[in-house]
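Secondary and tertiary structure notes
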Amino acid sequence: MDKISFRPVGENETVGFFVLEETRINGASYLLVTESEEGDAEAYILKDLSEDGEEEARYVFVEDDRELEAVSKIFAELLEDVDIEL
């Protein structure tokens, strides 16, 4: 499982997440990430807002309920052995 680091805007410290899965829907890239590599853990869906040609990706937490539900269903299909609860 890949681990990626993020630096929240205005912060000096980085935050690490493990990538469970990634997908692309309607031209947007999404990551399903968790803070722990093993066991039950909170999972988050991140959306890439970076423009073509940007050197670094810009991810935000998906907060829109409709978008979150739609993307969660896709990740649930991709990861048959994982139970995703909203």
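Residues numbered from 1 in each chain as written. Predicted model: local features only at pLDDT ≥ 70, side-chain atom pairs only at ≥ 80, totals over all residues. Heavy atoms only, no water.

Let us look at the environment of Gly39. Mapped onto the secondary structure, Gly39 falls in the loop between strand 3 (28-34) and strand 4 (43-48). Separated by 13 residues in the primary sequence, Gly39 and Asn26 place their C-alpha atoms 31 Å from one another. (Helix = DSSP H or I, 4+ residues; strand = E, 2+ residues; numbered from the N terminus.)

Relative to the helices and strands, Ser29 is located in strand 3. One polar contact links Ser29 to Arg24, side chain to side chain, over a distance of 2.5 Å. (Polar contact = N/O pair within 3.5 Å; in protein donor to acceptor, adjacent residues only side chain to side chain.)

What follows concerns unusual backbone geometry. Trans peptide bonds make up the majority, and among non-glycine residues the majority have a negative phi. If you check the backbone angles, Asn26 has positive phi at about 50° while not being a glycine. If you trace the backbone, Asn26 turns up in the loop between strand 2 (15-25) and strand 3.

Moving on: the sheet that holds strand 3. What the 5 strands build is an open sheet, ordered 1-2-3-4-5; its pairing is antiparallel. The open sheet terminates on both sides in strands that have one partner only, identified here as strand 1 (3-6) and strand 5 (59-61). Geometrically, the sheet is characterised by an average inter-axis angle of 45° between neighbouring strands, direction not taken into account. Here strand 2 runs beside strand 3; their pairing, made up of 7 bridges, is antiparallel. Residue Thr23 lies in a different strand from strand 3, and its bridge partner there is Tyr30. Sheet strands touched by helix 1 (residues 65-78): strand 2, strand 3 and strand 4. Its angle to strand 2, the strand with the most contacts, is close to 90°. (Pairing = 2+ DSSP bridges. Axes fitted to C-alpha atoms, helices over the stretch in contact; angles between N-to-C directions. Contact = heavy atoms within 4.5 Å.)

As a further point, take the pairing of strand 3. If a strand is regular, its side chains alternate between the two faces of the sheet. With 7 of 7 residues buried, strand 3 is to be regarded as a mostly interior element. Where burial is concerned, the two faces of strand 3 agree: the one with Ala28, Tyr30, Leu32 and Thr34 and the one with Ser29, Leu31 and Val33 are both buried. Where strand 2 folds back on strand 3, the antiparallel hairpin that results is connected by 2 residues, among which Asn26 adopts a positive phi of roughly 50°. As paired elements, strand 3 and strand 4 share 5 bridges and run antiparallel to each other. If you follow Thr34 over to strand 4, its bridge partner there is Ala43. (Buried < 20%, exposed > 50% of the residue type's maximum accessible area, 1.4 Å probe, protein only.)

Right, let's talk about the pattern of salt bridges for a bit. The full count for this structure, using the stated rule, is 3 salt bridges. Linking Glu69 and Lys73 is a salt bridge whose minimum nitrogen-to-oxygen distance equals 3.6 Å. Placement of both Glu69 and Lys73 in helix 1 is noted, with a separation of 4 residues, approximately one turn of the helix. (Salt bridge = Lys/Arg side-chain N within 4 Å of Asp/Glu carboxyl O.)

This brings us to helix 1. A rise of 1.5 Å per residue sets the reference length of helix 1, with its 14 residues, at 20 Å; its end C-alpha atoms lie 20 Å apart and thus fit the reference within 8%. Every buried residue belonging to helix 1 is among Val71, Ser72 and Phe75, and all of these are buried. Take helix 1 and look down its axis: the buried residues cluster within an arc of 110°, on one side only. The exposed set on the far side of helix 1, more than 90 degrees from its buried face, consists of Arg66 and Glu77. Check the buried side of helix 1 and you find it contacts strand 2, strand 3 and strand 4. (Expected span 1.5 Å × (residues − 1). Arc of directions from axis to C-beta.)

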